[in-house]
Amino acid sequence: MQVPYSWILDILGDLPPPDDVAEILTRRGLEVEGVERQGDGLQGAVVARATGVSQLTPRLWRVELDTGRGAAICVTGAQNVHEGARVPYAPPGTRLPDGRTLELVEFHGQVSEGMVLSADEIGIGADHDGILLLPDDAPLGQDLASYLGLPEAVFDISLTASFAQHCQNMLGVARELAAALGRMLPDGTARLQPGDTQGALAVRADRALCPLYLGARLVREHERPTPLHVQRRLWAAGMRPLLPVVDLTNYVMLELGQPLHPFAFERLSGGIEVRSAMPGEQIETLDGVTRALEPGDILICDGEGPVALAGIMGSQRAEVTAATTEVFLEAALFRPGSIGAAMRRLALRSEAAQRFAHGLPGSLPWRALQRMAELLPEIGWRMLPGLAICGEEPPAPGAIAVGADYVRRLLGMDLGTQEQIASLRRLGFEAEGERELQVRPPYWRIDVTEPWDVAEEVLRSVGVDRLPEELPPPAPRVAEPPHYALRLEALGAFESLGYRDALSYSLCEPGELEILGRPAEVEIANPLSLDMQALRTTLWQGLLQAVRHNLGRGRQDIALCEAGRVFHRAGDAVLEADMLALVLTGTRLPFGRYDAERVDFFSLKGDIEAALTFLRIGDLSFAPSQDKALHPGRQADVYSSGRFLGRLGEIHPAVAKQLDIDLPVMLAEFRLDDLAAAQGVAQAKSLPRYPALIRDLAVVVDQAVTYGRLRQVLRAALGELLVAETLFDVFTGPPVPDGKKSLALRLTLQSPERTLTEADAEAAIARALKAVGEQCGAQLR
Amino acid sequence: MAAGSVEELRRQALEAIGGAGDLEALQAARTTWLGRKGPIVDALRSIKDAPPEQRRDLGLELNRLRDELEAILSEREQSLEGESLRRRLAQEAVDVTLPGRPRAIGGPHPLRMAEAELVRVLREIGFSIAEGPEVETEQLNFEALNIPADHPAREMQDTFYLKDLPGLLLRTHTSPVQVRAMRAHAPNPLRVICPGRVYRRDDDVTHSPVFHQIEGLAVGEGIGMHHLKATLYEFARRLFGPEVPLRLRPSYFPFTEPSAELDVGCPFCRGKGCRVCKGSGFIEVLGSGMVHPHVLREGGYDPARFTGFAFGLGIERTAMLHYGIDDVRLLYTSDLRFLTQFQGSEA
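Bear in mind that the values here come from a model prediction, so they are computed numbers and not experimental data.

How each quantity is defined
Residues numbered from 1 in each chain as written. Chains lettered and ligands numbered in written order. Predicted model: local features only at pLDDT ≥ 70, side-chain atom pairs only at ≥ 80, totals over all residues. Helix = DSSP H or I, 4+ residues; strand = E, 2+ residues; numbered from the N terminus. Rg over C-alpha atoms; globule rule 2.2 N^0.38 Å. Buried ≥ 20, exposed ≤ 12 C-beta atoms within 10 Å, placed from the backbone. Contact = placed C-beta atoms within 7 Å. Axes fitted to C-alpha atoms, helices over the stretch in contact; angles between N-to-C directions. Parallel < 35°, antiparallel > 145°, perpendicular 65-115°, else oblique. Left-handed = near helix turned anticlockwise from the far one by under 90°. Pairing = 2+ DSSP bridges. Expected span 1.5 Å × (residues − 1). Core = buried A, V, L, I, M, F, W, Y, C linked by C-beta atoms within 7 Å. Nonpolar A, V, L, I, M, F, W, Y, C, P; charged D, E, K, R; others polar. pLDDT = per-residue confidence, 0-100.

1. Side note on the overall build of chain B
Tallying secondary structure elements over chain B gives 12 helices and nine strands in all. Here the C-alpha atoms of chain B give a radius of gyration of 43 Å, more than 25% beyond the 20 Å that 2.2 N^0.38 yields for 347 residues. Over its C-alpha atoms, taken along the principal directions, chain B stretches across nearly 135 × 50 × 45 Å. Within chain B, the fraction of its 347 residues that count as buried is 43%.

2. Focus: the overall build of chain A
Within chain A one finds 22 helices and 38 strands. Taking 2.2 N^0.38 as the reference for a compact globule, 781 residues should give roughly 28 Å; the C-alpha atoms of chain A span a radius of gyration of 41 Å, well beyond that estimate. Each principal axis of the C-alpha atoms in chain A carries an extent, and together these give about 125 × 80 × 55 Å. Counting across all 781 residues of chain A, residues that qualify as buried make up 44%. If you take every contact in chain A between residues at least 6 apart in sequence, the share linking residues at least 24 apart comes to 68%.

3. Details of the packing of helix H7 (residues 228–236) of chain A against helix H8 (residues 244–256) of chain A
Residues and elements named next belong to chain A. The contact between H7 and H8 brings their axes to 10 Å, and the two run at 60°. For the element pair H7 / H8, the angle class is oblique. Here H7 and H8 pass one another in a crossing that is left-handed. Facing Val-230, Gln-231, Arg-233 and Leu-234 of H7, the residues of H8 in contact are Asp-247, Asn-250 and Tyr-251.

4. Brief notes about the pairing of strand S33 (residues 643–651) of chain A
Every regular strand shows the same layout, with side chains that alternate between the two sheet faces. Residue and element names in this part refer to chain A. Both strand S32 (residues 630–640) and S33 contribute to a ladder of seven bridges, which runs antiparallel. The residue of S33 that forms the bridge with Asp-637 is Arg-647. The loop that links S32 with its antiparallel partner S33 comprises two residues; one of these, Ser-641, has a positive phi angle of about 50°. Relative to strand S34 (residues 665–671), S33 runs antiparallel, the two being bridged by five bridges. By the bridge assignment for S34, Arg-647 is matched with Glu-669.

5. Focus: helix H18 (residues 601–614) of chain A
Its 14 residues place the ends of H18 of chain A 20 Å apart at the C-alpha level, agreeing with the 20 Å of an ideal helix rising 1.5 Å per residue. After H18 of chain A finishes, the residue Arg-616 of chain A shows a positive phi value of roughly 65°.

6. What about the environment of Ala-764 of chain A?
Residue and element names in this part refer to chain A. Counting through the fold element by element, Ala-764 comes out in helix H22 (residues 758–776). Assessed through the 21 C-beta atoms surrounding it within 10 Å, Ala-764 is described here as buried. Measuring from C-alpha to C-alpha, the distance between Ala-764 and Leu-718 comes to 6.7 Å, with 46 residues separating the pair along the chain. Setting aside anything within four residues of it in sequence, one finds Ala-764 in contact with Leu-718, Leu-721 and Leu-749.

7. Structural notes on the nonpolar core
All names here are of chain A. If you look at the biggest cluster of nonpolar residues, it comprises 282 residues, and the most contacted ones within it are Val-3, Leu-543, Leu-582 and Val-583. The residues contacting Val-3, other than those within four sequence positions of it, are Ile-8, Val-154, Phe-155, Ile-157, Met-170, Val-173 and Ala-237. Formed by 15 residues, the second largest nonpolar core is a distinct cluster that contains Leu-721, Leu-749, Val-772 and Ala-778.

8. Let's talk about the environment of Val-87 of chain A
Residues and elements named next belong to chain A. Here Val-87 lies in strand S6 (residues 86–90). In the structure, Val-87 is positioned 592 residues away from Gln-679 in sequence and 84 Å away in space, judged by C-alpha atoms. With sequence-adjacent residues up to four places away left out, Val-87 is seen in contact with Ala-48, Ala-50, Val-81, Val-116, Ile-131, Leu-133 and Leu-134.

9. So, the interface of chain A and chain B
Of the residues lining the interface, 84 residues belong to chain A; the matching set on chain B comes to 73 residues. For the side of chain A that touches chain B, the residue count by class is 43 nonpolar, 17 polar and 24 charged.

10. Observations concerning the sheet that holds strand S5 (residues 71–76) of chain A
Residue and element names in this part refer to chain A. With respect to topology, five strands assemble into an open sheet ordered S5-S4-S3-S6-S9, the strand pairing being antiparallel. Of all the strands in the sheet, just S5 and strand S9 (115–116) have a single pairing partner and so form its edges. As defined by bridge partners, S6 adjoins S9 across two bridges and the pair is classed as antiparallel. Following the sheet pairing, Ala-90 is matched in S9 by Met-115.

11. Digging into the pairing of strand S4 (residues 61–66) of chain A
Residue and element names in this part refer to chain A. Burial along S4 is one-sided: the face carrying Trp-61, Val-63 and Leu-65 is buried and the face carrying Arg-62, Glu-64 and Asp-66 is not. Direction of pairing for strand S3 (residues 46–55) relative to S4: antiparallel, over a ladder of six bridges. Note on S4: the bridge partner recorded for Gly-52 is Glu-64. In terms of strand pairing, S4 meets S5 through six bridges, oriented antiparallel. The residue bridging Val-63 from the neighbouring strand is Cys-74, located in S5. In sequence, S4 turns back onto S5 through a hairpin of four residues, with Gly-68 there showing a positive phi of about 85°.

12. Regarding the confidence of the model for chain B
Residue and element names in this part refer to chain B. When pLDDT is averaged across chain B, the result is 88; 96% of the residues are at 70 or more. No element of chain B has a lower mean pLDDT than helix H7 (residues 153–156), at 60, and none a higher one than strand S2 (residues 135–137), at 97. For this predicted complex, the interface score ipTM comes out at 0.84, alongside a pTM of 0.84.

13. So, the packing of helix H21 (residues 707–718) of chain A against H22 of chain A
Residues and elements named next belong to chain A. Between H21 and H22, whose axes approach to 9 Å, the crossing angle comes to 135°. Between H21 and H22, the angle falls in the class oblique. By crossing handedness, the relation of H21 to H22 is classed as right-handed. Between H21 and H22, the contacting residues are Arg-709, Leu-710, Val-713, Leu-714, Ala-716, Ala-717 and Leu-718 on the first element and Ala-764, Arg-767, Ala-768, Ala-771, Val-772, Gln-775 and Cys-776 on the second. When its residues are assigned to classes, the contact of H21 with H22 shows 11 nonpolar, one polar and two charged.

14. Thoughts on unusual backbone geometry
Geometrically, the link from Leu-150 of chain A to Pro-151 of chain A is a cis peptide bond, its omega value of -5° lying close to zero. Tracing the sequence through the fold places Pro-151 of chain A in the loop between helix H4 (144–148) and strand S10 (152–158). Of note, the bond from Glu-257 of chain B into Pro-258 of chain B is cis; its omega dihedral lies within 30 degrees of zero at -5°. Of note, the phi angle at Asn-146 of chain B is positive, near 70°, even though the residue is not glycine. Looking at the element boundaries, Asn-146 of chain B is found in the loop between helix H6 (138–141) and H7. Accessibility expressed as a C-beta count within 10 Å gives 20 for Asn-146 of chain B, which makes it buried.

15. A closer look at the sheet that holds strand S19 (residues 313–314) of chain A
All names here are of chain A. Across the sheet, which stays open at both edges, the five strands sit in the order S11-S14-S17-S18-S19 with mixed pairing between neighbours. On the outer flanks of this sheet lie strand S11 (203–205) and S19, each paired with one strand and no other. When S11 meets strand S14 (residues 272–276), the two strands line up parallel, connected through three bridges. Bridged to Arg-204 within S14 is Glu-273.

Here it is, written out as structure tokens:
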């Protein structure tokens, strides 16, 4: 909300400088996000009077001026200057707020001695078509900046929902400031008395949607412009001046917080009805947009149908125009939730809607009408006696009982009862009592209804700075999710192997999940964009997107790891799993003096073996898997002690192509809970006391026999004697027969009980050969 | 053998040793002169043939000569060895400015680094980690947190809903984990933090539809706002340094009352006012407040007996401030040019 300093100053009489006011407001919870200084830098302009106006060309006018200090001649393109008008005059040498300095300029042979200025050029309005016309009593020759009170400081205040209820108006901001400065609070204007209610339009209202509806008739007696100070305040507060009577309703809304709606009286027919929209009903709002309504939206209707979307925006049918001489003025209360819901659904955040949506004090319509009645003569209008009244003012909330001790304990502040009472009174509350306070909020605070609301007011009133600092007593730790620590440890393990931690959105395009054979199971009902329609079922989608992104930027060597959640559906429930995934492509090391390793299945497998070992996950085995996203011959499931951990493989070239990736990419994915369950306990064992024997062994087997199978048989045959085996060669081709391969292993044999002899080793090797011969068809090479 | 012959022997030996230019020649000279078949041993053996009165002196001279040659040989050997080592080392010298054998360099994501730091500090202050689902019920995400259907606060949190799954949504904040943690532990005193991913329908330079928050909650008997203040200040001082200017500012959240935001002195301009802090000298880091009685009740704590405080902050915002990142979307593109910036550069 934009709040002009001068407006608040006008309400309170005197104030500290703008920067101090900003600080005070911020510390009370009205966060000032910035202070704009409108018209800052204007230097040298004065108030002048047009003494003669003549046409120079069809588009330019020659204006003779009395500057108070002499005569001057200006050329202007503005059409609204007339003889006798007071105008802002900027002689050559004047500096404008936008930084320009004026010089003599010649137009069609006429030298213009400076300019007459528009509101836009002065920095206090948007209108640059016409000259800013000053009131007739503006003193000739006075410095314009000082006449207009420039620069005008305007606070940009970010209102929280609680302040939006009572501070979305100048009076509310002034009250907060007054309380902070220890001043008397401005109460707001008096209430209009109901008086004669004859002669107004008949009004019927759905009381659930509109508890109170007041209608007043306004008539124009003279045609006058909106006073300059009103125009300036509207503009400074962020609203555009329009027509005098409309400007005045906006002015009162800004001042008091009560939105008012003027209808052109002659364009209404029959009585007014306030009702819920019917299914399928539509309205064309003032901005020319046809809005589809829903039951619960509130409509203002006359005999012919809807004339306004209540509390949000009017329609063109009963719009006030320059020709309007009689107005039906609405001052009402609408159900806040209905206005808020419609405002959000229709994205129509009008000034009125933003106020109604937060709720208004019950007496505010009466006060706003009173204020209108006071101000109307300034624009040549008058309010007729005879109000339309429908409904009743909601009763003011009752007193709140609050324990003085409750406030002390909740805040942790040693505040005496009298101090609490005084702090509340400063904010306009009535408060009395000893151990238990009876607190009655002022009419403008309908949001304060509970003891904790009162405690908050006490805190704001005495100032948050007075809160003492005391650490809370310790509480026992609670069990933490097991995968939380593992996640960091696992990421760290892969990071140390060269992987970069990546983060992807958990929302993605369902098509990509489909391509990966992991179709979306949970979709977004109201997605933000096409590529964020589904919750991911695999981290591969995001990592492959990252690969694509980096390939597009010339990075081919990519190693990424990501920890995150995937989402599956089980009936009406959604299951979430924390996963860890890897992607690896390109070469391991960049081009350079040392050999770069082009990564393949075994690069990633080696990384996984290393990292899992580091994470105390042992007894790993790998078995061929069948995943449609992966190369059919280059993928495996990973097990620890026979328990499934996850899967790795090279992407299927067809899948890669569909994802616009044209090089082999290695992928792996694990469920963190599975990794956590497989983690062993770190445990010391006694060191071997007897030396180890090392034997090399080369056997020839059928191509179809896997190394894993051979190893399994070897391990079974040798038992605990075999402490390690290392495959050091795989060979095919002559002299190894077709369809066969040679596997060479180095076996480390060791006994925990004695030193092995040569004979022990020979017997062991014989046993091993017999076993692999029988079970794998292996022959010694 | 006469005394003159010993002298002659010595002269010849010294000449031979002196002429040995490398260790091999030196070894040959040693064998020649001091070996079992060498002239000195020969001479010693033939002492018995010398006249008896000369035998003693001759023996002494020969032994002295042997010792002398032994010493010269050793010295010469050492010097040649040293020379040979020096030569070898000179040959083995490398150009130390050649690149090292490279290792692939990985590293953590800046957001994870920020999260880890926040979690570390909060765990030190006594909080334990709790987690909750990212797909949350409307009840826990809103109603349980005192945000009924037409509450204006819902407009601040534009929500993703799920197709065919009425009542479920993507959580808009980590606050529902508060309620879950309370339900799991009531009526015991509780100190938990809840880091996690949250979702809002928002996408621009400072807002990402997917982002991370960390939430803190303390519940117990006699917890007051002074405890909140001390906890937040302790947290901020550990994070930003003991001298950092701090201020609490009243604010509003539906699930806490009273509510307050914590501002820290702008680390960029040190309070003088700059673009980052919009001239105020302070930067807003977190929202907080005393847990609303409605929320305590939802969590299974009797609000007449128990009170609590809660706070929450955005991890992206913390990371962006800390590392000077100006576009939140950079955190989610996995662009290696970006990810490799947060440690010593790759040479």
